[in-house]
Amino acid sequence: MRSVLVLNGVNLGRLGRRQPEIYGSTTHQQLAEHLVVTGRGLGLDVEVRQTDSEAELVGWLHEAADAQQAVVLNPAAWSHYSIAIADAVVQVPVVVEVHISNIHTREEFRSHSVVSPYVQGVIAGLGLGGYDLALAHIAGL
């Protein structure tokens, strides 16, 4: 099976508790379990990770680049300003950027992603289902 990393950034470990009106009631653990099962059904070996450390996320992206591994990435707030993450994304062969909420209908500062120019696609505003779509895309490559 093809190996895929799902990498979630800052504050996403608080899914289910953080602004459920925007992000829903599913916890990060529940999301991770769902994505492993969904991936398996698509012929993918999915590993889900979450961090509140920008340096750790950059390290994981380097790991994926070295392994030529596909990544589903929700950089969360780092989307809007982390050149370090954008620079790491450039090195990964396939990255699909996912945002649970529609970043274009929220506060103005959230509408721009410094990561987006370096990914194969962006899925925003489809809730947690955006992750499923990203995995389906990667499975079809």
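As annotated in an unreviewed UniProt entry, the protein chain carries the name 3-dehydroquinate dehydratase and comes from Luteococcus sanguinis. The UniProt entry for the protein chain carries the following comment under Pathway (unreviewed entry): "Metabolic intermediate biosynthesis; chorismate biosynthesis; chorismate from D-erythrose 4-phosphate and phosphoenolpyruvate: step 3/7." What the UniProt record of the protein chain gives under Sequence similarities (unreviewed entry) is the line "Belongs to the type-II 3-dehydroquinase family."

**Focus on the overall build of the protein chain**
Along the protein chain, the regular secondary structure elements total 5 helices and 5 strands. In the protein chain, the succession of α and β elements from N to C terminus is β-α-α-β-α-β-α-β-β-α. Its C-alpha atoms give the protein chain a radius of gyration of 14 Å, near enough to 14 Å, the size a compact globule of 141 residues would have. The dimensions of the protein chain, computed from C-alpha atoms along their principal axes, are 40 × 30 × 25 Å.

**Some thoughts on the UniProt feature "active site" (unreviewed entry) in the protein chain**
Mapped onto the present numbering, the UniProt feature "active site" (unreviewed entry) falls on Tyr23 and His99. Over a stretch of 77 residues, the named residues converge on one spot in the fold, their C-alpha atoms separated by at most 9.8 Å. Looking at tyrosine 23, the relative accessible area reads 9%, which means it is buried. On the secondary structure map, histidine 99 appears in strand S4 (residues 95–99). The class of histidine 99 is buried, set by a relative accessible area of 4%. Those residues in contact with histidine 99 that lie beyond four places of it in its chain are Asn74, Pro75, Ala76, Ser79, Val122, Ile123, Ala124, Gly125 and Leu126.

Basis of the calculations
Residues numbered from 1 in each chain as written. Predicted model: local features only at pLDDT ≥ 70, side-chain atom pairs only at ≥ 80, totals over all residues. Heavy atoms only, no water. UniProt positions renumbered as here; feature names shortened; annotations may be inferred. Helix = DSSP H or I, 4+ residues; strand = E, 2+ residues; numbered from the N terminus. Rg over C-alpha atoms; globule rule 2.2 N^0.38 Å. Buried < 20%, exposed > 50% of the residue type's maximum accessible area, 1.4 Å probe, protein only. Contact = heavy atoms within 4.5 Å.

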